[in-house]
Amino acid sequence: MVGKAINMNVPRKYPRTVSCNGSTVELSLMSPGDAADLKAFVASLPEHDLLFLSRDITHPKVIDAWLAAIADGRVRSLVARENGAFVGCTAIVLHELSWSRHVGELRVLVSPALRGKGLGRLLIQECFVQAMELGLAKLCVQMTVDQRAAIAGFEGIGFRAEALFRNHVKDRDGKLHDLAVLSHDVAGVEAMMQAYGISDAVDA
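Remember, it's a predicted structure, so these values are computed and weren't measured experimentally.

Observations regarding the side chain of arginine 16
- For arginine 16, the position within the fold is in strand S1 (residues 16-20).
- On the accessibility criterion, arginine 16 (18% relative accessible area) is buried.
- There is a polar contact of 2.4 Å between the side chain of arginine 16 and the side chain of glutamate 126.

A closer look at the environment of leucine 106
- One can find leucine 106 in strand S6 (residues 103-110).
- Along the primary structure leucine 106 and leucine 139 are separated by 33 residues, whereas in three dimensions their C-alpha atoms are 6.3 Å apart.
- For leucine 106, the residues in contact, after removing those within four places along its chain, are Ala91, Ile92, Ile124, Cys127, Leu139, Cys140, Val141, Phe154 and Phe159.

A word on the environment of histidine 48
- On the secondary structure map, histidine 48 appears in helix H2 (residues 47-51).
- Histidine 48 sits in the partly exposed class, given a relative accessible area of 46%.
- When the C-alpha positions of histidine 48 and glutamine 147 are compared, they lie 9.7 Å apart, and in sequence the two are 99 residues distant.

Points about the nonpolar core
- Ranked by size, the top nonpolar core spans 20 residues in total, and within it Met30, Leu38, Phe41, Trp66, Leu67, Val75 and Cys89 carry the most contacts.
- Elements supplying a minimum of two residues to this core: helix H1 (35-44), helix H3 (60-72) and strand S5 (85-93).
- Take this core: its biggest share by element is five residues, from H3.
- Dropping the residues within four chain positions of it, tryptophan 66 is found in contact with Met30, Leu38, Ile57, Val75, Ser77, Cys89, Thr90 and Ala91.
- Core analysis: the next-biggest nonpolar cluster, separate from the first, contains 19 residues, Leu94, Leu136, Val141 and Phe159 among them.

Some remarks on the packing of H1 against H3
- The N-to-C vectors of H1 and H3 enclose an angle of 130°; their axes lie 11 Å apart at closest approach. In terms of their interaxial angle, H1 and H3 are classed as oblique. H1 and H3 meet at a crossing whose hand is right-handed. Contact with H1, carried on its side by Ala35, Leu38, Lys39 and Val42, involves Ile63, Asp64, Trp66 and Leu67 of H3 and no other residues of that element.

Observations concerning the confidence of the model for the protein chain
- With 86% of its residues at a pLDDT of 70 or more, the protein chain has an overall mean of 84.
- Mean pLDDT across the secondary structure elements of the protein chain bottoms out at helix H6 (residues 189-196), with 60, and peaks at strand S4 (residues 78-82), with 96.
- For the stretch residues 1-10, pLDDT sits under 50, and the model shows 25 contacts to residues farther than four places along the chain or on other chains.
- Throughout residues 198-204 the model reports pLDDT below 50, and contacts reaching past four residues in sequence, or to other chains, amount to 30 contacts.

So, the packing of aromatic side chains
- All told, the structure shown has three aromatic pairs when counted by the stated rule.
- Between phenylalanine 128 and phenylalanine 159, the ring centres sit 5.8 Å apart and the planes meet at 50°, which makes this aromatic pair tilted. Remark: phenylalanine 159 occurs in the loop between helix H5 (148-156) and strand S8 (160-170) and phenylalanine 128 occurs in helix H4 (residues 119-134); sequence separation between them is 31 residues.
- Note on phenylalanine 128: relative accessible area 1%, which makes it buried.
- Ring plane angle 80° and centroid distance 5.0 Å describe the contact between phenylalanine 154 and phenylalanine 159, whose orientation is recorded as edge-to-face. No difference in accessibility class separates phenylalanine 154 from phenylalanine 159, as the two residues are buried.
- An aromatic cluster of at least three residues, connected via ring pairs, comprises Phe128, Phe154 and Phe159.

Some words on the pattern of salt bridges
- What the rule picks out here adds up to six salt bridges.
- Close ionic contact of arginine 81 with aspartate 34 constitutes a salt bridge, the shortest N to O distance being 2.7 Å. Taken together, the residues span a long stretch of sequence, with arginine 81 in strand S4 and aspartate 34 in the loop between strand S2 (23-29) and H1 at a distance of 47 residues. Here the two residues arginine 81 and aspartate 34 agree in accessibility, since each one is buried.

What counts and what doesn't
- Residues numbered from 1 in each chain as written.
- Predicted model: local features only at pLDDT ≥ 70, side-chain atom pairs only at ≥ 80, totals over all residues.
- Heavy atoms only, no water.
- Helix = DSSP H or I, 4+ residues; strand = E, 2+ residues; numbered from the N terminus.
- Buried < 20%, exposed > 50% of the residue type's maximum accessible area, 1.4 Å probe, protein only.
- Polar contact = N/O pair within 3.5 Å; in protein donor to acceptor, adjacent residues only side chain to side chain.
- Contact = heavy atoms within 4.5 Å.
- Core = buried A, V, L, I, M, F, W, Y, C linked by side-chain atoms within 4.5 Å.
- Axes fitted to C-alpha atoms, helices over the stretch in contact; angles between N-to-C directions.
- Parallel < 35°, antiparallel > 145°, perpendicular 65-115°, else oblique.
- Left-handed = near helix turned anticlockwise from the far one by under 90°.
- pLDDT = per-residue confidence, 0-100.
- Phe/Tyr/Trp six-rings, centres within 6.5 Å; stacked < 30°, edge-to-face > 60°.
- Salt bridge = Lys/Arg side-chain N within 4 Å of Asp/Glu carboxyl O.

Here it is as structure tokens:
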């Protein structure tokens, strides 16, 4: 099935309800008032999920900095809720004062209970719409090469490896890991979505 074209003349509206293989999920913009729910969500994630994040999001100061960046417009984040509880979230980190101000750094976290239901892919699609609204030309994601399933998921919707940094990450146990950087051209994402027949999922 060929999806409809994405209407970028209409700003994305939240909250909105979507279906993920039988699970009903509400998407909304994250706000500073979500601190307690965000902390509870992070505490529910497997240790391995947190092992390779560039910042320790279990630390209250990191959570506070994340929410402060949202309030200041330096980060755009989405929340996915099922029955009122966090089951996923995103972040597009902006660099407005750098020479990479046209690039957004994408981060996505999904609860184990919702994995395999398409929530991660849906959140990434939503982030592309946000990136277009923000005027970004490119989205990048960073992860260690150990995160094979996540890399495959991003590659499945058009991200491509752009760089590999040897021994760039040191985990909590002091072990070194290679860091992969994947990217996607935001300007060309609408054509990609139509090719995959998934534009309906991101139509405003």
